[in-house]
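Listed below, chain by chain, are the residues.
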Amino acid sequence: MSYFFQLVVSGIVVGSIYALSALGFVLIYKSSRVLNIAHGQIIASGAFITYALTVWLGVHIAVSFVLSMIITFFLAMSVERVFLRRLIGEPIISVIMVTIGLMSIIDGVIYMTPFGAENFSFPEFLPQEPISYLGVSISWTQMVGVIITFSMIGAFTWFFKASTVGISMRAVSDDQFAAMSVGISVPRVFGLAWATAGLSAAAAGVIIGNITGLNFETLQAFGITVFPVVILGGLDSILGAVVAGIIMGIIQQFASGYLDGNWGLNGTAEVLPYIILLIILLFKPHGLFGIHEIERV
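Please read these numbers as outputs of a predicted model, since none were measured by experiment.

The rules behind the values
- Residues numbered from 1 in each chain as written.
- Predicted model: local features only at pLDDT ≥ 70, side-chain atom pairs only at ≥ 80, totals over all residues.
- Heavy atoms only, no water.
- Helix = DSSP H or I, 4+ residues; strand = E, 2+ residues; numbered from the N terminus.
- Rg over C-alpha atoms; globule rule 2.2 N^0.38 Å.
- Buried < 20%, exposed > 50% of the residue type's maximum accessible area, 1.4 Å probe, protein only.
- Lys, Arg positive; Asp, Glu negative; His and termini not counted.
- Charge placed at Lys NZ, Arg CZ, Asp CG, Glu CD.
- 1 Å grid on protein atoms, 1.4 Å probe; cavity = no way out; pocket = protein on both sides within 12 Å on 5 of 7 lines; lining within 4 Å.
- Points joined across faces, edges and corners; volume = space filled by probe spheres on them.
- Nonpolar A, V, L, I, M, F, W, Y, C, P; charged D, E, K, R; others polar.
- Phe/Tyr/Trp six-rings, centres within 6.5 Å; stacked < 30°, edge-to-face > 60°.
- Expected span 1.5 Å × (residues − 1).
- Salt bridge = Lys/Arg side-chain N within 4 Å of Asp/Glu carboxyl O.
- Core = buried A, V, L, I, M, F, W, Y, C linked by side-chain atoms within 4.5 Å.
- Contact = heavy atoms within 4.5 Å.
- Bend = angle between axes of the 7 residues up to and from the residue.
- Axes fitted to C-alpha atoms, helices over the stretch in contact; angles between N-to-C directions.
- Parallel < 35°, antiparallel > 145°, perpendicular 65-115°, else oblique.

### A few points about the overall build of the protein
Counting its regular elements, the protein contains 12 helices and 2 strands. Taking 297 residues into account, the globule formula puts the C-alpha radius of gyration at 19 Å, and the protein, at 19 Å, falls close to it. For the protein, the spread of C-alpha atoms along the principal axes amounts to about 60 × 50 × 35 Å. Out of the 297 residues belonging to the protein, those deemed buried represent 49%. Put simply, the protein has 10 plus and 14 minus side-chain charges, and the middle of one group is 16 Å from the middle of the other.

In structure tokens form, the structure reads like this:
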């Protein structure tokens with residue numbers, strides 16, 4: 001029974017990271033109906049910026065964490081301003097192709113640095129002795145990561161529901177022309193959506209890097225790995241990202257712990273999310289919490 005609960009705890013840890021990573025997709029799609037294919041590269045950038053500030057410049061890791069989120073906030077805002085602002089009103093496929101191009105550009109830039117070819121790890125700053133209770137253990141790194149993740153998710157939920165800017169972003173998501181008619185700046189909202197997505201991506205990158213190590217391939221792959229989570233929860237739902245992240249994390253841990261361990265299979269944890277993705281697209285394409293919009297004809 002302790003093994004079962006250990007898998008559940010591990011699934012919650014992994015799922016919370018998925019949820020925070022998926023937030024970037026949700027924040028951008030919720031306000032602009034655009035999928036950012038380069039999200040994994042922004043996650044990796046945030047992690048590497050934190051490492052550079054901590055190890056190369058000697059800044060305390062807590063300060064580096066905050067600074068990296070601020071830097072990535074303005075970096076993502078600049079990307080939207082330079083590359084995507086001109087595409088407002090253009091077909092969605094054009095915008096998606098631009099984000100694919102951005103993905104390749106950021107890949108090329110990172111591969112020109114040491115981060116593209118080598119593995120790194122953050123300096124140890126938390127106790128190494130895991131927290132254990134009734135046979136279930138969790139490391140301090142994982143515990144802090146879960147706390148930061150749910151704190152940020154709570155802050156973003158409040159931001160969208162209670163703040164003036166968040167309500168403006170929701171209004172733009174519902175109807176851009178109606179939002180403009182009441183004085184809301186659509187370009188400004190798009191820029192803020194990308195900026196907040198960059199902020200959450202940086203946080204996710206640092207948490208992932210502390211748990212798994214700083215490997216570019218692993219970090220940027222999260223941009224694609226969390227896509228089934230986003231589809232399962234609903235592209236425009238923050239709550240959906242959280243619930244779907246936890247569900248997907250637990251399913252993966254059970255698949256790895258039981259199917260791979262007892263049935264002699266291999267790689268089921270990597271395959272199952274995409275099987276779930278296909279099933280959801282077939283029977284509930286808007287996800288568990290996505291809004292099913294009916295347009296007038």
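### A short note on empty space enclosed by the protein
The final tally for this structure, using the stated rule, is 1 cavity of 30 Å³ or more. There is about 30 Å³ of room inside the largest cavity. Surrounding the largest cavity, N36, A38, I42, V79, L102, I106 and W194 form its lining. Grouping the constituent residues of the lining of the largest cavity by class yields 6 nonpolar, 1 polar and no charged.

### Things to note about the packing of aromatic side chains
Considering all chains together, one arrives at 16 aromatic pairs under this definition. Relative to F115, the ring of W56 lies with its centre 5.2 Å away and its plane at 20 degrees, an arrangement referred to as stacked. On the criterion of sequence distance, the pair formed by W56 in helix α2 (residues 39–56) and F115 in the loop between α4 (92–111) and β1 (131–133) is long-range, its members being 59 residues apart. Among the aromatic residues, those joined into a cluster by ring pairs are F48, Y51, W56, Y111, F115, F120, F122 and F216.

### A few points about helix α8 (residues 186–212)
With 27 residues, α8 extends 38 Å from end C-alpha to end C-alpha; this agrees with the ideal 39 Å at 1.5 Å per step. Burial runs high along α8: 21 of the 27 residues are buried. Positive backbone phi, approximately 95 degrees, marks G213, located one or two places after α8.

### Structural notes on the pattern of salt bridges
Following the criterion strictly, the structure yields 1 salt bridge and no others. Note that R85 is salt-bridged to E80, the shortest N-O span being 3.0 Å. Judged by relative accessible area, E80 falls into the buried class, the value being 1%.

### Re the nonpolar core
Judged by nonpolar contacts, the single largest core of 73 residues is most densely connected at L20, F48, V172, L214, L219, F222 and I238. With 13 residues, the single largest contributor to this core is α8. Non-local contacts of L20, meaning those with residues more than four positions away in its chain, are made with T149, M152, S200, A203, A204 and I207.

### Re the environment of T141
With respect to the helices and strands, the residue T141 is situated in helix α5 (residues 140–162). Each C-alpha atom, one on T141 and one on L102, is 31 Å from the other, the two residues being 39 residues apart in sequence. The residues contacting T141, other than those within four sequence positions of it, are L126, N210 and I211.

### Topic: helix α1 (residues 2–32)
Taking 1.5 Å of rise per residue, 31 residues should cover 45 Å, and α1 covers 45 Å from first to last C-alpha, within 8% of that figure. Approximately 30 degrees is the largest bend angle found in α1, and it occurs at A22. Burial runs high along α1: 24 of the 31 residues are buried. Count one or two residues on from α1 and you reach R33, which has phi positive near 60 degrees.

### Section: the packing of α5 against helix α6 (residues 164–174)
Pairs of packed helices are described in terms of their axes, by the angle between the two and the distance that separates them. Where α5 meets α6, the closest approach of the two axes is 5 Å, and the angle between their N-to-C directions is 75 degrees. Considered as vectors, α5 and α6 are oriented roughly perpendicular to each other. Between α5 and α6, the residues in contact are F159, F160, K161 and A162 and T164, V165, G166, I167, M169 and R170, respectively. In terms of residue class, the contact of α5 with α6 is made up of 6 nonpolar, 2 polar and 2 charged.

### A short note on the environment of I246
Among the structural elements, I246 can be located in helix α11 (residues 238–262). On the accessibility criterion, I246 (17% relative accessible area) is buried. For the pair I246 and Q6, spaced 240 residues apart in the sequence, the C-alpha separation amounts to 14 Å. Apart from the residues lying within four places of it in its own chain, the contact partners of I246 are G11, I12, G15, S16 and F150.

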